[in-house]
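Each chain, letter by letter, is given below.
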Amino acid sequence: MLFKFLKSSHVKSGEITPENIYLGRREFIQDTARIGAGVAAVATLGLTPSPAQAEVRALDNIIRDGAFGTDEKQTSYRAVTEYNNFYEFGTDKSDPARNAHSLRPRPWTVKIDGHVDNPGDYDIDDLIKPHMLQERVYRMRCVEAWSMVIPWVGIPLAQIIKKLGPTSQAKYVRFETLVDQKQMPGQSRRVIKWPYAEGLRMDEAMNPLTLMAVGLYGKELPNQNGAPMRLVVPWKYGFKGIKSIVRISFVDRMPSNSWKRLAPHEYGFYANVNPEVDHPRWTQANERRIGEFRRRKTLMFNGYSEEVAHMYSGMNLKKYF
Ligand SMILES: Nc1nc2c(c(=O)[nH]1)N[C@H]1C(S)=C(S)[C@@H](COP(=O)(O)O)O[C@H]1N2
Ligand SMILES: [Mo]
C-alpha cells in the first residue's frame, strides 16, 4: 500500500511529470493574463496566486558576503515557492503553495532537549536574532532528480548549536516538524508517520555549509517553504531539509528519519547527493534544473566536495547511502 503510494505519487511528480513544462505553462498563462486576454483561462485552471506569497515580510540587514555562494542562475521565485515538497500540506508539488496559508509561524516555540547544557523551550526570536542573518545562494538537489538554485537567508546551524552547548554524549542531532492537523491539513492522511523527522551527525550539523534558514530571496520564508525555520543542507538530497521545525534533540544514537523509515531500501540516513549510487527505480547520474529543458550531470556531494568530502573519508558510500 505504502509502496504503491510512493510509486504513484512520489515518483510521478518528480520523474514523469515534466515539471519545467508545467511551470512554463503557468508562466505562459500568467503572461497571457497580464496582457488581459487570459483571465478566463486562469480561472478554468483554478490558478490563483498563493495566499502565503503576498504576505511575507522583507528581511533587513542581511549579511551578503558571498560565502560558499554560486553565481549560477537563480531559480525563479515562483518556482521556488510554488513547486514544493511539504507533505503536511498535500503530496502534489502545487499543494503546499495552495494550502499552507493555515500555518501560523508566530508565535513559535522550539523545544531543545537531550544531551545539551541549555535545554528548554525557546522562542524562535531568542534562538535566531535578525542581526545574524546571512544570505547563501545554494544549489539544491531533490532525490527525485530535479534541482534549483536558491538564495537562502539564515544562520549557520553551528552558531545555534554552540549556544545550546551539546555535551560529549551528543553524537547526532534530531529535528522534528510541527504536528497540528488544524494548521497542517495534510496530516489527516497518514502518508508518513507524523511528525516528519530528520537527523544529522554532529559534524554534519556543525559544518559551515549547514544553514537554519528563515528566509529566501531576501524575504521571510513563505509557509510552503517551511516557515518559520527549516534546515538547508546543500550536499544532501532535499528531504534532509526538514521544514517548520519545533524540536531539536541532541542524541547519542543515529535517529530515524522519515523517508528512510518509509522505504529503507530507497532512502538512507546520509542522503548525500551521489551520482554513483542510483535510486532503485531511477538514475541519480543526472538531474533537471527547474526552468531548463536539458539534463545536467549530477555532481558528487552536489558540487560541495571541497567543503564536505572529508567528513566521509574511509566510509563506503554505497553502503552508507
Ligand atoms: N516537514 C517536512 N519537511 C520537508 C518535506 C516534507 O514533506 N515535510 N519534504 C522534503 C523534501 S523531499 C524536499 S525536496 C524539500 C523541498 O523544499 P522546498 O519545497 O522548499 O524546495 O523539503 C523537505 N522537507
Ligand atoms: Mo525531495
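Preceding this section is the structure that the text describes.
Q: Any chance you could explain empty space enclosed by the protein here in plain terms?
A: If you roll a probe as big as a water molecule over the atoms, it shows you where there is empty space left. This model, assessed by the stated rule, comprises one cavity of 30 Å³ or more. Taken as a whole, the largest cavity holds about 450 Å³ of empty space. Taken together, 27 residues form the lining of the largest cavity, with Asn-85, Trp-146, Arg-230, Gly-238 and Lys-243 sitting closest to its centre. Among the elements of the structure, β3 (134-141) and β4 (146-156) are those that each provide at least two residues to the lining of the largest cavity. Looking at the lining of the largest cavity, the element that brings in the most residues is β4, giving four residues. Taken together, the residues of the lining of the largest cavity sort by class into 15 nonpolar, seven polar and five charged.

Q: Any chance you could explain the pattern of salt bridges here in plain terms?
A: For side chains of opposite charge, pairing can occur when their charged atoms come near one another. All told, the structure shown has 22 salt bridges when counted by the stated rule. Its salt-bridge partner being Arg-57, residue Glu-220 comes within 3.0 Å of it at the nearest N-O pair. Within this pair, whereas Glu-220 is found in strand β8 (residues 219-220), its partner Arg-57 is found in the loop between α4 (51-55) and α5 (77-82), the two being separated by 163 residues in sequence. The class for Glu-220 is partly exposed, based on a relative accessible area of 22%. Arg-294 is the salt-bridge partner of Glu-292, the closest N and O atoms lying 3.8 Å from each other.

Q: Got a minute to help me understand the sheet that holds strand β10 (residues 245-251) in this structure?
A: Spatially, five strands are ordered β2-β1-β10-β5-β6 in an open sheet, and the strand pairing comes out mixed. Edge positions in the open sheet fall to β2 (120-123) and β6 (197-201), since each of these has one partner strand only. For this sheet, the mean inter-axis angle between neighbouring strands, taken without regard to orientation, is 20°. Where strand β1 (residues 109-114) and β10 come together, four bridges link them in parallel fashion. Bridging from a neighbouring strand, Ile-112 pairs with Ile-248 of β10.

Q: Any chance you could explain the site of ligand 1 here in plain terms?
A: Around ligand 1, 15 residues are found, and the nearest of them are Asn-84, Tyr-87, Glu-88, Gly-241 and Lys-243. Tyr-87 has a polar backbone atom sitting 2.8 Å from an oxygen atom of ligand 1. A distance of 3.0 Å is found between a nitrogen atom of ligand 1 and a side-chain nitrogen or oxygen belonging to Thr-177. For ligand 1, whose unbound accessible area comes to 540 Å², protein coverage reaches 97%. The site holding ligand 1 turns out to be the largest cavity.

Q: What am I meant to see in the side chain of Asp-95 here?
A: Secondary-structure assignment places Asp-95 in helix α6 (residues 95-99). Asp-95 gets classed as buried once you look at its relative accessible area, which sits at 11%.

Q: What is the right way to look at the nonpolar core in this model?
A: It is characteristic of soluble globular proteins that their nonpolar side chains tend to be buried jointly. Counting 85 residues, the largest nonpolar core has Trp-152, Phe-175, Met-212, Met-229, Ile-248 and Phe-250 as the members making the most contacts within it. Of the residues forming this core, the biggest block, six residues, is contributed by β4. Apart from the residues lying within four places of it in its own chain, the contact partners of Trp-152 are Gln-134, Glu-135, Arg-136, Tyr-138, Met-140, Leu-211, Ala-213, Gly-215, Leu-216, Leu-221, Arg-230 and Val-232.

Q: Help me out: how do you make sense of the packing of aromatic side chains in this one?
A: Each aromatic ring pair is described using two quantities: the centre-to-centre distance and the angle formed by the ring planes. Under the counting rule described, the total for this entry stands at 12 aromatic pairs. Ring centres of Tyr-270 and Tyr-312 lie 6.1 Å apart, and the angle between their planes is 90°; this geometry places the pair in the edge-to-face category. On the criterion of sequence distance, the pair formed by Tyr-270 in the loop between α10 (258-262) and β11 (286-289) and Tyr-312 in the segment after α11 (305-308) is long-range, its members being 42 residues apart. In this structure Tyr-312 comes out as buried when scored by relative accessible area, which is 3%. Ring geometry for Tyr-270 and Tyr-320: centres 6.2 Å apart, planes at 85°, overall edge-to-face. Here the residue Tyr-270 occupies a position in the loop between α10 and β11, and Tyr-320 occupies one in the segment after α11, the gap between them amounting to 50 residues. In this structure Tyr-270 comes out as buried when scored by relative accessible area, which is 6%.

Scoring rules and cut-offs
- Residues numbered from 1 in each chain as written.
- Chains lettered and ligands numbered in written order.
- Predicted model: local features only at pLDDT ≥ 70, side-chain atom pairs only at ≥ 80, totals over all residues.
- Heavy atoms only, no water.
- 1 Å grid on protein atoms, 1.4 Å probe; cavity = no way out; pocket = protein on both sides within 12 Å on 5 of 7 lines; lining within 4 Å.
- Points joined across faces, edges and corners; volume = space filled by probe spheres on them.
- Helix = DSSP H or I, 4+ residues; strand = E, 2+ residues; numbered from the N terminus.
- Nonpolar A, V, L, I, M, F, W, Y, C, P; charged D, E, K, R; others polar.
- Salt bridge = Lys/Arg side-chain N within 4 Å of Asp/Glu carboxyl O.
- Buried < 20%, exposed > 50% of the residue type's maximum accessible area, 1.4 Å probe, protein only.
- Pairing = 2+ DSSP bridges.
- Axes fitted to C-alpha atoms, helices over the stretch in contact; angles between N-to-C directions.
- Near = heavy atom within 4 Å.
- Polar contact = N/O pair within 3.5 Å; in protein donor to acceptor, adjacent residues only side chain to side chain.
- Areas by Shrake-Rupley, 256 points an atom, 1.4 Å probe, with all protein chains shown as cover.
- Sits in = over half its atoms within 2 Å of the grid points.
- Core = buried A, V, L, I, M, F, W, Y, C linked by side-chain atoms within 4.5 Å.
- Contact = heavy atoms within 4.5 Å.
- Phe/Tyr/Trp six-rings, centres within 6.5 Å; stacked < 30°, edge-to-face > 60°.

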